[in-house]
Amino acid sequence: MDENERQSEERGWATAKTLAEALPYIQIYDRETVVIKYGGHAMGETAVARQFAADVVLLKLMGVNPVVVHGGGPQISAMLDKAGVKSSFIDGLRVTDRDTMAVAEMVLSGAVNKEIAHWISVAGKEADVRGIGLSGKDAGLLTVEKTTRTKRDPDSLIEHEVDLGFVGEPTKVDPKLIAGLIASETDDWVPVIAPIGVAEDGQTYNVNADTVAGAVAGSLNAKRMLLLTDVKGVLDKNGDIIRQMTLAQAQALIDDGTASGGMIPKLETAMAAVRAGVEAVVILDGRRPHAMLVELFTEYGAGTLVKA
């Protein structure tokens, strides 16, 4: 046996050992729903997007029911720039006028949504696992109301309402379509949902993807929600990752300033999802290859777990 053959054999034994060690965790998630928030951090990179799709297919083949909710902020910004439409932000939320809304829906429900669904279908071709692209407008999936925000004037300290345009907040999720797809006994579907919703009056709204993921996960009583982001998890004051926390501990991190910036809305989303019925939410680095597999099928996981 030459050196290449010996190394190949060793890799084979190592793979078998890894699969055997994962068995208890595979059983925990068998036929359970896992909602995955897939963000803009890697969506523009084809190689990373294809690896994400392959991991989603692997989850499906291991008995998990993955549901993907995606964002697309960078893609929307790029298309707005091409169209010569200027956009502004208030407290991290894009002010969405009619022109911006038209572009946002085109990008999210069109290009981004279909590309993710396509890569899942490509990765799952041999086993006939198929991604199916949807938006909150399909089958009454996501009902929303116009988002209201207030801002305090720094001089007068008077609060006034800020109009964000066509930005919405979920008020109701009808999970029938999603539940029917993931429960199919004849086909392996992976729903891919764009964060577009409709108000009671029929108006279309752009919705924060983290918020949609939390609402969808709650409506499905998901076992886990994975918030894929660009940091390894929630960090303590020393910069070390916190592996697990309760809702009370998460709120304390916000209150004492340990959690700041973009981590605050992610923790708030995680807490809201747990209160809505999700067993636990994990904030993890979606840029790392196979982060979802490490989180679900190994002892220590790959991010910060938030639970009741």
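Everything here concerns the structure above.
Residues numbered from 1 in each chain as written. Predicted model: local features only at pLDDT ≥ 70, side-chain atom pairs only at ≥ 80, totals over all residues. Heavy atoms only, no water.

**Here we look at the pattern of salt bridges**
Overall, the coordinates contain 12 salt bridges when judged by the stated rule. In this structure, Arg 130 and Asp 128 form a salt bridge, with 2.8 Å as the shortest nitrogen-oxygen distance. Here Arg 130 falls in the partly exposed class, since its relative accessible area comes to 39%. Ionic pairing is found between Lys 223 and Glu 279, a salt bridge with its closest N-O pair at 3.1 Å. Within this pair, whereas Lys 223 is found in the loop between α7 (209–219) and β13 (224–229), its partner Glu 279 is found in the loop between α9 (263–275) and β15 (280–285), the two being separated by 56 residues in sequence. Taking the relative accessible area as the measure of exposure, Lys 223 reaches 16% and is therefore buried. Among the charged side chains, a network of salt bridges with common partners joins Glu 3, Arg 6 and Glu 10. (Salt bridge = Lys/Arg side-chain N within 4 Å of Asp/Glu carboxyl O. Buried < 20%, exposed > 50% of the residue type's maximum accessible area, 1.4 Å probe, protein only. Helix = DSSP H or I, 4+ residues; strand = E, 2+ residues; numbered from the N terminus.)

**Points about helix α1 (residues 3–28)**
Taking 1.5 Å of rise per residue, the 26 residues of α1 would be expected to cover 38 Å, and the 39 Å separating its terminal C-alpha atoms lies within 8% of that figure. At Ala 22, α1 shows its largest kink, close to 45°, and the proline Pro 24 lies no more than four residues downstream. (Expected span 1.5 Å × (residues − 1). Bend = angle between axes of the 7 residues up to and from the residue.)

**Quick look at the sheet that holds strand β2 (residues 65–70)**
Note: strands within a sheet are paired through backbone hydrogen bonds, in either parallel or antiparallel orientation. Taken together, 8 strands build an open sheet; the order of strands is β5-β10-β2-β1-β13-β15-β16-β14 and the sheet is mixed. Strands at the two margins of the open sheet, each flanked by one partner only, are β5 (129–135) and β14 (244–246). Direction aside, the axes of adjacent strands within the sheet are offset by 20° on average. As judged from the 2 bridges shared by β2 and strand β10 (residues 188–194), these two strands associate in the parallel manner. In the sheet register, Val 68 faces β10, and the bridge partner there is Val 192. In this fold α7 packs onto β1 (33–38), β2, β10 and β13, with an angle of close to 175° to the strand it touches most, β1. Seen against the sheet, α9 touches β13, β14, β15 and β16 (303–307) and runs at an angle of roughly 155° to β15. (Pairing = 2+ DSSP bridges. Axes fitted to C-alpha atoms, helices over the stretch in contact; angles between N-to-C directions. Contact = heavy atoms within 4.5 Å.)

**Thoughts on the packing of aromatic side chains**
In this structure the tally under the stated criterion is 3 aromatic pairs. Judged by centre distance (5.9 Å) and plane angle (55°), the ring pair of Phe 166 and Tyr 205 falls under tilted. Taken together, the residues Phe 166 in the loop between β8 (159–162) and β9 (167–173) and Tyr 205 in strand β12 (residues 204–207) connect sequence positions 39 residues apart. Judged by its relative accessible area of 14%, Phe 166 is buried. Overall, the relative accessible area of 8% leaves Tyr 205 in the buried class. (Phe/Tyr/Trp six-rings, centres within 6.5 Å; stacked < 30°, edge-to-face > 60°.)

**What to know about the side chain of Thr 258**
Checked against the element boundaries, Thr 258 lands in the loop between α8 (247–255) and α9. A polar side-chain atom of Thr 258 sits 3.1 Å from a polar atom in the side chain of Lys 237. Beyond its immediate sequence surroundings of up to four residues, Thr 258 is in contact with Leu 235, Asp 236, Lys 237 and Leu 253. (Polar contact = N/O pair within 3.5 Å; in protein donor to acceptor, adjacent residues only side chain to side chain.)

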